[in-house]
Amino acid sequence: MSQTVGPAACQGDSFGYEAPGSLEELAAILRSEAGGERTPLFLAGGTDLWVDLRSGKKQANLVIDLKQLPELSGVREREDETGLGALLPIHSLESLPALGREGQALREAASALGSYQVRNRATLGGNLGNGAPTADMAAALIALDAVLELWRPDGSGRRVAVTDFWRGAGKTCLGPQEVICRVWLPRRVGWSSAFLKQGPRRAMDIAIVNAAVSLKTVKGVIADARVALGGAGATPLRPVGAEAALVGQKPSMAIFRRAGELAAEVSDPRGSGRASREYRLSLIPVLTERALTLAAERLTSQDDKKVARVK
Ligand SMILES: Cc1cc2nc3c(=O)[nH]c(=O)nc-3n(C[C@H](O)[C@H](O)[C@H](O)COP(=O)(O)OP(=O)(O)OC[C@H]3O[C@@H](n4cnc5c(N)ncnc54)[C@H](O)[C@@H]3O)c2cc1C
């Protein structure tokens, strides 16, 4: 499907619109545009892209709508990982059984994003596409060790650890013709996770800071941990020093507080109209500590029952 959309919808000149029905069709469109004057912009739910086009923040001469690509849809289960299609609407993640107990952080991040209407329209891949450091899916996916499956028109797809996805403020590792196909979550038996967000209001707002964590304990001792923060720097942040401080310790308020302090030490948030740098810095240890406490309280396996209540 190819048509031209006019300036009534967006600022600037009219632009072309394509809606391929398969990756083969998408590849053919991109090949025909290669070296040409038009730079394609990919469209999923449009909750970021249309806003940016209307405000003039982005200009388009060709919009390629991904929504009809079956390869980017649905949930795929493998023995050791679950693949979430990039086109999955955020609302579908709120109660997705395939996420299991260990995926609770992603469910909570999905529930915290925007409004019901936004969550219905917005997609998982679109939330990553802009490279925003406060994107709610970002911190949750880091805490869950996600891997992104990227597609290229020449067939040389690749898998990228989500921690390698961001390259600076608003920058990602995506090439101009590269598409996020699927987000793979490894099965992590025995882990628990949690996500917390502080925004200017309780709903319909981008985070000032968000925190996602996951924990695994063995015989009452933390065997492994992930801590991820949004709004703590130019890109989503994984403070590995905070994680290292947790490993080998029994879950306790004191060790979670220490992890929060270490997370704040390596954070470098900027001040904006949404919140000052100082306010963000003051939120980081609090959200980290609370998210760790929540994750520890969720450890319910036989081995972990003894630490389910954090002292
Ligand atoms: C009122 C409102 C409230 C919001 N609240 C929140 C919030 O609380 N938390 C939050 O994180 N966000 C929030 N957002 C931002 C937005 O809704 C999310 O970022 C959303 O997930 C974007 O998804 P989308 O499918 O609409 O992306 P689109 O707008 O279609 O695309 C966004 C960007 O990603 C690119 N893209 C999309 N899909 C792919 C793909 N598969 N591969 C490569 N690139 C791709 C596009 O080219 C574009 O650059 C809010 C937006 C609005 C309008």
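Within each chain, residue numbers correspond to sequence positions counted from 1 in written order. Two thresholds apply to this predicted model, a pLDDT of at least 70 for residue-level local features and 80 or more for giving and counting side-chain atom pairs, whereas whole-chain, interface and lining totals are computed over all residues.

Each helix is a run of H or I in the DSSP string that is no shorter than four residues. Each strand is a run of E no shorter than two, and both are numbered from the N terminus. A count of helices and strands for the protein chain gives ten helices and 14 strands. Here the C-alpha radius of gyration of the protein chain, 20 Å, is about what a compact globule of 311 residues would show, namely 19 Å. Backbone-placed C-beta atoms define the burial measure: a residue is buried with 20 or more other C-beta atoms within 10 Å of its own, exposed with 12 or fewer, and partly exposed in between. Within the protein chain, buried positions represent 45% of all 311 residues. Whether two residues are in contact is decided by their C-beta atoms, placed from the backbone, lying within 7 Å. Taking as baseline every contact in the protein chain between residues at least 6 positions apart, the subset at least 24 positions apart corresponds to 62%. Between the two quantities, the radius of gyration covers C-alpha atoms and the globule rule is 2.2 Å times the number of residues to the power 0.38.

Let's shift gears to the site of the ligand. The immediate surroundings of the ligand are formed by 33 residues, with Gly45, Gly125, Gly126, Asn127 and Gly129 found nearest. Listed by contribution, the elements that provide at least two residues to the shell around the ligand are β3 (40-43), α2 (49-55), α5 (116-121), α6 (124-129) and β11 (179-186). In terms of residue count, the dominant contributor to the shell around the ligand is α6 (four residues). To decide nearness, the C-beta atom of each residue is placed from the backbone, and the residue is near a molecule or strand if that atom lies within 6 Å of it.

So, on to the sheet that holds strand β12 (residues 191-198). When DSSP finds at least two bridges between two strands, those strands are taken to pair. Taking strand neighbours across the sheet as the criterion, the three strands line up as β12-β13-β14 in an open arrangement whose pairing is antiparallel. The open sheet has two edge strands, β12 and β14 (221-230), and neither has a second partner. Ignoring strand direction, the axes of neighbouring strands in this sheet form an average angle of 15°. Alignment of β12 against strand β13 (residues 209-218), held across eight bridges, turns out to be antiparallel. Looking across to β13, one finds that Gln198 is bridged to Val209. Packed on one face of the sheet, helix α4 (residues 104-112) meets β12 and β13 and runs near 20° to β12. The angle between two axes is taken between their N-to-C directions and runs from 0 to 180 degrees, where each axis is a line fitted to C-alpha atoms and a helix contributes only its stretch in contact.

This brings us to the domain arrangement of the protein chain. It is common to give the size of an interface as the accessible area that goes away when the parts come together. One can read the domain layout of the protein chain as domain 1 (2-65), domain 2 (72-186) and domain 3 (191-307). The domain limits used here are those given by an automatic or database domain assignment. Computed from C-alpha atoms alone, the centre-to-centre distance between domain 2 and domain 3 is 20 Å. Contacts between the two partners involve 25 residues from domain 2 and, on the opposite side, 26 residues from domain 3. If you list the elements that add at least two residues to the side of domain 2 that touches domain 3, you get α4, α7 (136-143) and β9 (166-168). Considering each element in turn, the side of domain 2 that touches domain 3 owes the most residues, six residues, to α7. In the side of domain 2 that touches domain 3, the residues fall into 13 nonpolar, seven polar and five charged. Under this grouping Gly is polar, as are all residues other than the nonpolar Ala, Val, Leu, Ile, Met, Phe, Trp, Tyr, Cys and Pro and the charged Asp, Glu, Lys and Arg.

Looking down a regular strand, the side chains alternate between one sheet face and the other. Judged by how many residues are buried, β11 sits mostly within the fold: seven of eight residues are covered. Of the pairings in the sheet, the one linking strand β6 (residues 81-85) to β11 comprises five bridges and is antiparallel in character. Across the sheet, residue Glu81 finds its bridge partner in β11, namely Pro186. Two elements, strand β7 (residues 147-151) and β11, share five bridges in a ladder whose sense is antiparallel. The partner of Trp151 across the bridge, within β11, is Val179.

Turning our attention to the environment of Val286. As for its position among the elements, Val286 is in helix α10 (residues 277-297). Residue class for Val286 comes out partly exposed when judged on the 16 C-beta atoms lying within 10 Å of it. Put simply, Val286 and Pro251 are 35 residues apart on the chain and 16 Å apart in space, counted from C-alpha to C-alpha.

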